[in-house]
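# Per-entry structural report
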Amino acid sequence: AQRVTQPEKLLSVFKGAPVELKCNYSYSGSPELFWYVQYSRQRLQLLLRHISRESIKGFTADLNKGETSFHLKKPFAQEEDSAMYYCALNSGAGSYQLTFGKGTKLSVIP
Amino acid sequence: DAGITQSPRHKVTETGTPVTLRCHQTENHRYMYWYRQDPGHGLRLIHYSYGVKDTDKGEVSDGYSVSRSKTEDFLLTLESATSSQTSVYFCAIREQGDGHNEQFFGPGTRLTVL
């Protein structure tokens, strides 16, 4: 069965400091991974898809199959980055179900 | 916002009463999903639909039923609400097309069961 682990419930960094939000997954097939962001009391928004390898709002994430990780990184945190971040794994089955991690709350200190 | 709306946005109800939440989409997406979001649990899939009248259970389906009689509407029903069903409920659609497996979410419904 697939599983997504986000080991940090809360991560606090100072403005301008680098950020790394960890995500590890467990899946026997070829994974498809996503990062979603949720600002206070808003809907979840897609931040990144691993297959597109793009940078959104300065965030990047690289899939490391050897370490089964998909960590989210940003070199310089901004106050507006404060939000809840979820890593999600597509099971690859016909239902296209996503399995979510429990989320990491990022707090950027001014 | 991928044309997804949810109603109601907020609801307070009493234990034992039936509750129906509605998800409406305007872009003819085939796949629709219902999740609940709880602190410390992230998002968990309740039910999903892969077409009109085609639905299946997710991870936490007990106490919930769904219906999809039209492409644009996916209803989630709590037959007899319990306090453990107090949560924020999100509907989502799957973007269609080759290589697109990401989901887009509605604004959520905050349900409180007293």
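This text gives an overview of the structure that appears in the document. (Residues numbered from 1 in each chain as written. Chains lettered and ligands numbered in written order. Predicted model: local features only at pLDDT ≥ 70, side-chain atom pairs only at ≥ 80, totals over all residues. Heavy atoms only, no water.)

To continue, consider the layout of surface pockets. Here the largest pocket is characterised by a volume of approximately 790 Å³. If you trace the largest pocket, you find 35 residues lining it, with Gln 38, Met 84 and Tyr 86 of chain A together with Gln 37 and Pro 39 of chain B closest to the centre. Mapped by element, the contributors of at least two residues to the lining of the largest pocket are strand E9 (83–90) and strand E11 (104–109) of chain A together with strand E4 (32–38), strand E9 (87–94) and strand E11 (109–113) of chain B. Here the lining of the largest pocket gets four residues from one element, more than from any other, and that element is E11 of chain B. Considering only residue class, the lining of the largest pocket consists of 10 nonpolar, 16 polar and nine charged. The calculated volume of the second largest pocket comes to roughly 300 Å³. (1 Å grid on protein atoms, 1.4 Å probe; cavity = no way out; pocket = protein on both sides within 12 Å on 5 of 7 lines; lining within 4 Å. Points joined across faces, edges and corners; volume = space filled by probe spheres on them. Helix = DSSP H or I, 4+ residues; strand = E, 2+ residues; numbered from the N terminus. Nonpolar A, V, L, I, M, F, W, Y, C, P; charged D, E, K, R; others polar.)

Time to look at the environment of Tyr 35 of chain B. All names here are of chain B. With respect to the secondary-structure elements, Tyr 35 resides in strand E4. Overall, the relative accessible area of 0% leaves Tyr 35 in the buried class. Taking the C-alpha atoms as reference points, Tyr 35 and Leu 45, 10 residues apart in sequence, are found 4.5 Å from one another. (Buried < 20%, exposed > 50% of the residue type's maximum accessible area, 1.4 Å probe, protein only.)

Residue and element names in this part refer to chain A. The sheet contact formed by strand E5 (residues 32–38) and strand E6 (residues 45–49) spans four bridges and is antiparallel. The partner of Phe 34 across the bridge, within E6, is Arg 49. Between E5 and E6, which pair antiparallel in sequence order, lie six residues; one of them, Arg 41, sits at a positive phi of approximately 60°. (Pairing = 2+ DSSP bridges.)

The subject of this paragraph is the sheet that holds strand E1 (residues 4–7) of chain B. Residue and element names in this part refer to chain B. Strand order in the open sheet formed by four strands is E1-E3-E8-E7, and the pairing between neighbours is antiparallel. Of all the strands in the sheet, just E1 and strand E7 (64–70) have a single pairing partner and so form its edges. Here the strands of the sheet are splayed against their neighbours by 20° on average, with no regard to which way each runs. (Axes fitted to C-alpha atoms, helices over the stretch in contact; angles between N-to-C directions.)

All right, on to the nonpolar core then. Trp 35, Leu 47, Leu 72 and Tyr 85 of chain A are the most contacted members of the largest nonpolar core, which totals 24 residues. Looking at this core, the elements with two or more residues in it are strand E2 (10–14), strand E3 (19–21), E5, E6, E9 and E11 of chain A. Examining the composition of this core, we find that four residues originate from one element, E9 of chain A, more than from any other. Residues in contact with Tyr 85 of chain A, not counting those within four places in the same chain, are Gln 6, Leu 21, Trp 35, Tyr 36, Val 37, Leu 47, Phe 59, Leu 72, Gly 103, Thr 104 and Leu 106 of chain A. If you look at the next biggest cluster of nonpolar residues, it comprises 19 residues, including Ile 4, Tyr 64, Phe 74 and Ala 81 of chain B. (Core = buried A, V, L, I, M, F, W, Y, C linked by side-chain atoms within 4.5 Å. Contact = heavy atoms within 4.5 Å.)

The next thing to look at is the pairing of strand E6 (residues 54–57) of chain B. Residues and elements named next belong to chain B. When strand E5 (residues 42–51) meets E6, the two strands line up antiparallel, connected through four bridges. Bridge pairing in E6 links Ser 49 to Thr 55. Between E5 and E6, which follow one another and run antiparallel, lie two residues, and Lys 53 among them has a positive phi close to 65°.

Time to look at the pattern of salt bridges. According to the stated counting rule, one finds nine salt bridges over all chains in the structure shown. A salt bridge links Glu 79 of chain A to Lys 15 of chain A, with the shortest nitrogen-to-oxygen separation between them at 4.0 Å. Taken together, the residues Glu 79 of chain A in the loop between strand E8 (72–74) and E9 and Lys 15 of chain A in the loop between E2 and E3 connect sequence positions 64 residues apart. When its relative accessible area of 38% is taken as the criterion, Glu 79 of chain A is described as partly exposed. Under the relative-accessibility criterion, Lys 15 of chain A is labelled partly exposed at 47%. Arg 22 of chain B is the salt-bridge partner of Asp 73 of chain B, the closest N and O atoms lying 3.1 Å from each other. With a gap of 51 residues between them, Asp 73 of chain B in strand E8 (residues 73–78) and Arg 22 of chain B in strand E3 (residues 19–25) connect regions that are remote in the sequence. The class for Asp 73 of chain B is buried, based on a relative accessible area of 8%. For Arg 22 of chain B, a relative accessible area of 33% gives the class partly exposed. One salt-bridge network, held together by shared partners, links Glu 20, Lys 22 and Lys 73 of chain A. (Salt bridge = Lys/Arg side-chain N within 4 Å of Asp/Glu carboxyl O.)

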